[in-house]
Amino acid sequence: MHALRHDILPPSGVEFATTLKLTPSTITGSSSQEKLPRVLTNVVVSRSNLLRIFEVWEQPPQISTYIENERERRAHVRKGTEAVEGEVEMDEGGEGWVNMGSVKATAKKDPSMVSRFHFVREHTLHGTVTGMESVRIMSTYDDQLDRLLVSFKDAKIALLEWSDAAHDLVTVSIHTYERAPQMVGVFPLFRTELRADPLSRCAALSLPKDAFAILPFFQTQAELDVMEQEQNHTRDVPYSPSFVLDLVNDVDERIRNVIDFVFLPGYNNPTVAVLCQSEQTWAGRLKEYRDTARLYIFTLDLMSRNYPIITAVDGLPYDSVSLLPCATSLGGVIVLTSNSIIYVDQAARRVSLPVNGWATRVSDMPMPPADKDLGLYLEGSRLVFVDEKTFFVIRKDGMIHPIEIILDGRTVSKLVLLPVIAQTTIPAVARLLNDDLLFVGSMVGPSVLMKTAREEVPLELPAQQTGVATTMNFSDSMDLDDDDDLYGDSQTTTQMAVGAASGASATTKTRSIIHLSLCDSLPAYGPIADMTFSLAKNGERFVPELVAATGAGHLGGFTLFQATQRDLPTRTKRKLHVLGGARGIWSLPVRQSQRVNGLSYEKSMGPFSAEIDTIIISTDANPTPGVSRIATRTAKTDVAIPTRIPGTTISAAPFFQRTTILHVMTNAIRVLEPDGNERQVIKDMDGSLPRAKIKSCSICDPFVLILREDESIGLFIGETERGKIRRKDMSPMGDKTSRYIAGCFFTDTIGLFDIEASETTPAAAHADKNTSTLQAAVTAGNRSQWLVLVRPQGVMEIWSLPKLTLVFSTTAISTLENILVDSCSPAALSLPQDPPRKPQDLDIDQILVAPLGETSLVPHLFVFSRSGNMAIYEALPAPAPTEKNADPPLPNPRTAFLKVKFHKVVSKTFEIQRVEETEKTVLAEHKRISRTFVPFMTSPNMECTLAGVFFTGDRPCWIIATDKGGLRVVPSGHTVVYAFTACSLWESKGDFLLYSDEGPTLLEWAPEVQLDSCLPYRSIPRSRTYSNVIFEHSASLIVAASSLQARFASYDEDGNIVWEPDGNGVSFPHADCSTLELISPEHWVTMDGYEFASNEFVNTLTCVSLETTSTESGSKNFIAVGTTINRGEDLAVKGATYIFEVVEVVSDPNWTPKRWYKLKLRVRDDAKGPVTAVCGINGYLVSSMGQKIFVRALDLDERLVGVAFLDVGVYVTSLRSMKNLLLIGDAVKSVWLVAFQEDPYKLVTLAKDVRKRHATTVDFFFAGGDLAIASEDEEGVLRLFAYDPSDLESRGGQHLLCHTEFHGHKECRSTIMIARRTKDEQLIPQAKLVSGFTDGSLSTLTPVDEAVFKRLQLLQGQLTRNVQHTAGLNPKAHRIVRNDAVSKPLSKNVLDGQLLSEFQVLGISRQNEITRQIGTERALVLHDWSSLIVPW
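Calculation rules
Residues numbered from 1 in each chain as written. Predicted model: local features only at pLDDT ≥ 70, side-chain atom pairs only at ≥ 80, totals over all residues. Heavy atoms only, no water. Pairing = 2+ DSSP bridges. Helix = DSSP H or I, 4+ residues; strand = E, 2+ residues; numbered from the N terminus. Axes fitted to C-alpha atoms, helices over the stretch in contact; angles between N-to-C directions. Expected span 1.5 Å × (residues − 1). Buried < 20%, exposed > 50% of the residue type's maximum accessible area, 1.4 Å probe, protein only. Contact = heavy atoms within 4.5 Å. Salt bridge = Lys/Arg side-chain N within 4 Å of Asp/Glu carboxyl O. Phe/Tyr/Trp six-rings, centres within 6.5 Å; stacked < 30°, edge-to-face > 60°. Core = buried A, V, L, I, M, F, W, Y, C linked by side-chain atoms within 4.5 Å. Patch = residues over 30% accessible without salt bridge, like charges linked within 9 Å, V, L, I, M, F, W, Y side chains within 5 Å. Areas by Shrake-Rupley, 256 points an atom, 1.4 Å probe, with all protein chains shown as cover. Lys, Arg positive; Asp, Glu negative; His and termini not counted. Charge placed at Lys NZ, Arg CZ, Asp CG, Glu CD. pLDDT = per-residue confidence, 0-100. Polar contact = N/O pair within 3.5 Å; in protein donor to acceptor, adjacent residues only side chain to side chain. 1 Å grid on protein atoms, 1.4 Å probe; cavity = no way out; pocket = protein on both sides within 12 Å on 5 of 7 lines; lining within 4 Å. Points joined across faces, edges and corners; volume = space filled by probe spheres on them. Nonpolar A, V, L, I, M, F, W, Y, C, P; charged D, E, K, R; others polar.

### Remarks on the sheet that holds strand 77 (residues 1134–1145)
Across the sheet, 4 strands lie side by side as 75-76-77-78; this open sheet has antiparallel pairing. Each edge of the sheet is formed by a strand with only one pairing partner; in this case those strands are strand 75 (1096–1107) and strand 78 (1156–1167). In this sheet, neighbouring strand axes are inclined to one another by 25 degrees on average, regardless of whether the strands run parallel or antiparallel. Examined bridge by bridge, strand 76 (residues 1115–1125) and strand 77 share 7 bridges and lie antiparallel to one another. Bridged to I1125 within strand 77 is K1134.

Following this line, the structure appears as structure tokens:
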């Protein structure tokens, strides 16, 4: 069987992060720094194989909330009573005086400025990232930019830098150590780690067998000269040859089992601190071996390859886990252990801080006694310095503890632990971005950006006490219990403060307070533990919704994904059939105008008042010649249609500063009054001869552009003084007979489109900006207007308005190249042809320039070609090209140049069903589907404003760009959308009107939907982790098992407790426990639950259909649960099987869900071993118990009766049934295929995999008449097995044959088999597998026909060889599984969707070149690809 493995959702969360100045926008003094927002730094984050680049912007808060808050504040303050500088601080001090020094220091920074993440780029890599560092190389001194160093799981290091020309990361070099002697062998638990020297002199990558790969960098020309003399040839690379440092042989033989290592700052040579454990131990051997950890500090002399040890420290606690280097002024390192924190200086002095009573019990190292009430655990904690003498300990539950380093002279005397100041996300990485910004990344939830500020305040406490203060300031009254406020995009600013007494004089004692405030967050949902499909109701229709149990700890909950929801990310409000609008709908804000001195203008309104729409214009093609309607709002929900006009409307827009309507029909341009009366009409005639019909137009007050069916255009301009429009002279654009196939206007409000004039005519650039016409003066402000046109020969031109100067020209748009730059060509004349030119596949059908974004709007160029290719380009500032660069020299050089380039960010292909040219009947016109880009602006609430574009047609989609997720194309789920408009007629800025296959519908935006990922999702925070989740079909309810922690005590046979806490800071251990919850997916309320014992946790949960006498059909759905009962480490675990029934009960009329259900326990069946997997087969229950499989029947709904059993492997991980076949996955014995027969009752082993493999999940996978068995293991290897008794290798069918191995590099926790139906509807649909992974990603395994497979496999080979891959990684090697039992890898039968997806991004000419080499067509390959990548 052939299949495609394709990720439909990338990994979620942050595992590694680094801060650096990567992009040119971060350089102080650059032109972009002059205007807000200011780019402070870059943050690069990664998780698994996803690398994302962000800029941290400093910008003023959003205008809406800021203005409202300011107005409200001033409304309550009498004039002349505003607080002067320092007065507020005076009042807070309470003493009537204030330290003005501290006030002045804090007053320099604008308190109204906020720091925000802004997405730049993302890459899905062909490798798993294991570390990232910032380095500076010699070329850094030229461009002031840092370079990015990334390490990968298979012992590779890639050096990357930012290319402004490509607007992307480019690979400088890749260094591979996978063939080093240390990498020979299998090391499943080892992970390479990357560290860089603070001065970028070298970087180190840890390798197995206690070795480092050292990569030295040149920092000065002198080093390069020495290297050139030694090598006898010049070098143009920034590094010298790397080498492998064997710590045991080259440094010290006692450096074994490296735990962690760091580079220390402040040394002349690179200096490394290594934490290791030469003799390994564990809690049960502490009487023989304890304090086995050691710390070695040695220098790297890169020239002489000499490594002297400076400091060696023995006797550190065995549970030491990580190192944190201290600042140069302190020296030394901080060692983090599970129970204490230890400071070690260069002279091997140790200062320890125990945080619980266990620290002195597991270590003989001298420690001060722990505080009585202190019982902290530091496993999973992260450390980060916030200044030279203070660092934060962020524990695994998100609690932040500051620790002060107290000096006695120049030596450290003690560490002081201060109380908790805040709770943040569960940390995976903590980085200080600059002096006052702290980034905490999380793998299981949102990652947060916090601002730290230190302030000196007078100390009122006695001198011997420690001053601790905690301050909470809320900018608005929001409930902080809500997870969204703590971790999400809230405007709440929480400030916390801590400090310790400092200073020598008793009279001027002050305390230093650190304020923490939440700036921004990167949304994430974390690992997927389990998932199920539920039915979500949308309007009158049920749609499939994937419910995933995600997150961990207090960030746990559910995440809901909908790939085919009808109106995502919106929900239907109501139908408006009276409107019609199959050919177009426009909702317009038009005001009654006032006239002063013959000049009309709208009634004055506040500068920030919302523009509410007042009328709707809709148009239909039937009855002939079409009809147009003008509708207004009458009541709360109704509309009235006072005006009907015969004819089809092409476009409509407000005009003359929103006082009139400009109405374009197929043969006329009309100016209408707000009430629909006609003010002016211009018939589209050539003298007395009618012109071709108008097919499209663009309106941008005061300009109108029309495009006719014969590819000619017309340009009109509005005269504000007369309130009428007239034709505009187009002579600069060439003769009247020039031809154009697409065009639009664009209004630039952010000043990105900037002109540079050539020296010959310096006035040309500013001619358009300093215009004296009244209409331009009225509309100018800080906005500039531009005209974008596409000629038939594939040339895109941008003309400035109103003088019509050509400022940009490119021919690369017809083939959708990745970068569009100005070709400096003069206007390209395109004359009419005889006979008329036939449309070509590469012709541009639609073009639009519109802004996208949330807080900052960026212009984007949208292109749709006649062949169905859509490309979206981001406009970027660029240096102006000069005609000197043109080759050959241009005969007619231009006088003005637009300092802009366009970079392609999204490419997508649509299938086009062409109507024959001869079929121009009324029916064909009625069936015609127009694909158009419709820009919109929506504000579902005051905090959220989103500018986007809707693409109509038969695969309609939303095109939106968010601050933290970049640009996303989200399918709307409709079969077809004919017309679309944003509509605020009912005073909601989050409403839309669209005409779909169901007629006109009013939608509203769903603000709770997250749009930062490939699949839109909703998060349901529940503040706890869920290990299992299923959907109960009969009642349409969710049943979930939550995973909690409970104190564990061990008892003897007489019931006496074996051990109790017997000291300060010593407590009972914690063990896993579970509860079962019955949840309504409509309101997400828990209806009922079942609490298991405090030492019992759920392993497996499923919905099974069992035979019963209580129903007419003879079967009923039950909830089956398998558990483990933990009895301590000296007793074997037991288990139990539970059968629950969901029953309906009488509900209280006041309850929110009208129907109420409860869980009823039917059966509890104890087992001698853990019940790790359950499933149903033909009305019977199959469950595992230790090494056995049991088949049991439900007798009288009250007990389970065994009918068959089978001895299987060691630990059953999964059971799957289909008809009477049973699949068994085992942790050691791989996969078994078993048949169940009922007469007599018997389990028969058909075949099994004879190799030792760990199967975490197993599934049936079939298409047509072919069956395969899909298995995944804990390392992420996907295997496809075949049951083929006719094959000799199978020993008559006894052995399952492994035909395919495909490395996914991530552990799969849950799989769901769903049906995949192709167009030729079959009786038995194909199977499709949806898999959820521990890194939060989702992937599908889809069957592929043989002909399609052969084409895509050839394409895959071409892409592997002929496309530049990020970081220089090898996609083919990434998927190969090491298997010593076969001569060559078994990776041929599964296609790599990640690699194939790169084909769609290429330009058309490159696509044609690649497909030509494999003897196929580009369109056919794209058709194959688009049919396979539907999520579900």
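Don't stop here, the text continues.
### Observations regarding helix 12 (residues 1346–1362)
If you check helix 12, its first and last C-alpha atoms are 24 Å apart, about what 17 residues at 1.5 Å a residue would give, namely 24 Å. All buried positions along helix 12 are accounted for by V1348, F1349, L1352, L1355, Q1356, G1357, Q1358 and L1359. Buried residues along helix 12 sit in contact with strand 1 (3–9), strand 94 (1390–1392), helix 14 (1393–1401), helix 15 (1404–1413) and helix 16 (1418–1428).

### Examining the pattern of salt bridges
For the coordinates displayed, the defined rule picks out 55 salt bridges. The shortest N-O distance in the salt bridge between E719 and R726 comes to 2.5 Å. Judged by relative accessible area, E719 falls into the buried class, the value being 15%. Counted as one network, the salt bridges with shared partners bring together D1249, R1253, D1273, R1279 and E1301.

### Notes on the environment of I1125
Mapped onto the secondary structure, I1125 falls in strand 76. In the structure, I1125 is positioned 27 residues away from V1098 in sequence and 9.1 Å away in space, judged by C-alpha atoms. The contact partners of I1125, leaving out residues within four places of it in the chain, are N1095, E1096, V1133, K1134, G1135 and R1164.

### Topic: the packing of aromatic side chains
Applying the stated criterion across every chain, the model contains 41 aromatic pairs. Seen in terms of ring centroids, W958 and F992 are 5.1 Å apart; in terms of plane orientation they differ by 70 degrees. Their pairing is edge-to-face. Placement of the pair is W958 in strand 65 (residues 957–962) and F992 in strand 68 (residues 991–996), with a sequence separation of 34 residues. The burial state of W958 is the same as that of F992; both residues are buried. Ring geometry for Y1090 versus F1140: centroids 5.1 Å apart, planes at 65 degrees, classification edge-to-face. Placement of Y1090 in strand 74 (residues 1085–1091) and of F1140 in strand 77 is noted, with a sequence separation of 50 residues between them. Exposure remark for Y1090: the relative accessible area of 26% places this residue in the partly exposed category.

### Focus on the pairing of strand 21 (residues 350–354)
In terms of residue burial, strand 21 counts as a mostly covered element, since 4 of its 5 residues are buried. One ladder, built from 5 bridges, connects strand 20 (residues 340–344) with strand 21; its direction is antiparallel. Considered in strand 21, the bridge of Y343 is made with V351. Linking strand 20 to strand 21, which pair antiparallel, is a turn of 5 residues; within it A348 sits at a positive phi near 70 degrees.

### With respect to the nonpolar core
In terms of nonpolar packing, the biggest core is built from 31 residues, with F753, M796, I798, I847, L861, L898 and F902 touching the most fellow members. For F902, the contacting residues outside a window of four places in its chain are F753, M796, I798, F808, N818, I819, L820, L861, Y873, E874 and A875.

### Describing a positive patch on the surface
Residues R1361, K1372, K1384 and K1388 make up a contiguous surface patch of positive charge. Residue placement: K1384 occurs in the loop between helix 13 (1371–1375) and strand 94.

### Details of the confidence of the model for the chain
Summarising the model, the chain shows a mean pLDDT of 83, and 84% of its residues fall at 70 or more. Confidence drops under a pLDDT of 50 for residues 30–34, and excluding neighbours within four residues, the segment shows 10 contacts in the predicted structure. Overall, residues 76–109 carries pLDDT values under 50, and its contacts beyond four positions in sequence, including any with other chains, amount to 23 contacts.

### Regarding the side chain of S1214
Mapping S1214 onto the fold places it in strand 83 (residues 1212–1218). Within the local environment of S1214, its side chain forms a polar contact with the backbone nitrogen of V1258, the two atoms lying 3.3 Å apart. With near-sequence residues (within four places) excluded, S1214 lies in contact with A1173, L1223, I1224, G1225, T1256, T1257 and V1258.

### Here we look at the side chain of S352
With respect to the helices, strands and loops of the structure, S352 is situated in strand 21. Note on S352: relative accessible area 9%, which makes it buried. At 3.4 Å, the side chain of S352 and the backbone oxygen of P366 are in polar contact.

### A few points about the sheet that holds strand 89 (residues 1277–1282)
Read across the open sheet, the 4 strands follow the order 87-88-89-90; overall the sheet is antiparallel. Here the strands that pair on one side only, and so sit at the sheet edges, are strand 87 (1257–1263) and strand 90 (1297–1303). When strand polarity is set aside, the average angle formed by the axes of neighbouring strands in this sheet is 25 degrees. Across 6 bridges, strand 89 lies against strand 90 in antiparallel orientation. Bridge pairing links F1281 to C1298 in strand 90.

### A few points about unusual backbone geometry
The step from L801 to P802 runs through a cis peptide bond, and the omega angle for that step is 5 degrees. Within the element layout of this structure, P802 appears in the loop between strand 55 (796–800) and strand 56 (805–810). Residues D1239 and P1240 are joined by a peptide bond in cis, for which omega reads -5 degrees. Mapping P1240 onto the fold places it in the loop between strand 85 (1230–1238) and strand 86 (1241–1248).

### As for empty space enclosed by the protein
What the rule picks out here adds up to 5 cavities of 30 Å³ or more. Roughly 180 Å³ of volume is contained in the largest cavity. Lining the largest cavity are 17 residues, with P11, R52, P523, D1012 and S1013 sitting closest to its centre. Among the residues forming the lining of the largest cavity, the class breakdown is 8 nonpolar, 4 polar and 5 charged. Quantified by volume, the second largest cavity comes out at close to 120 Å³. Lining the second largest cavity are 15 residues, and of these D7, G1304, K1306, R1375 and Q1394 lie nearest its centre. At the level of elements, strand 1, helix 13 and helix 14 are the ones that each hand at least two residues to the lining of the second largest cavity.

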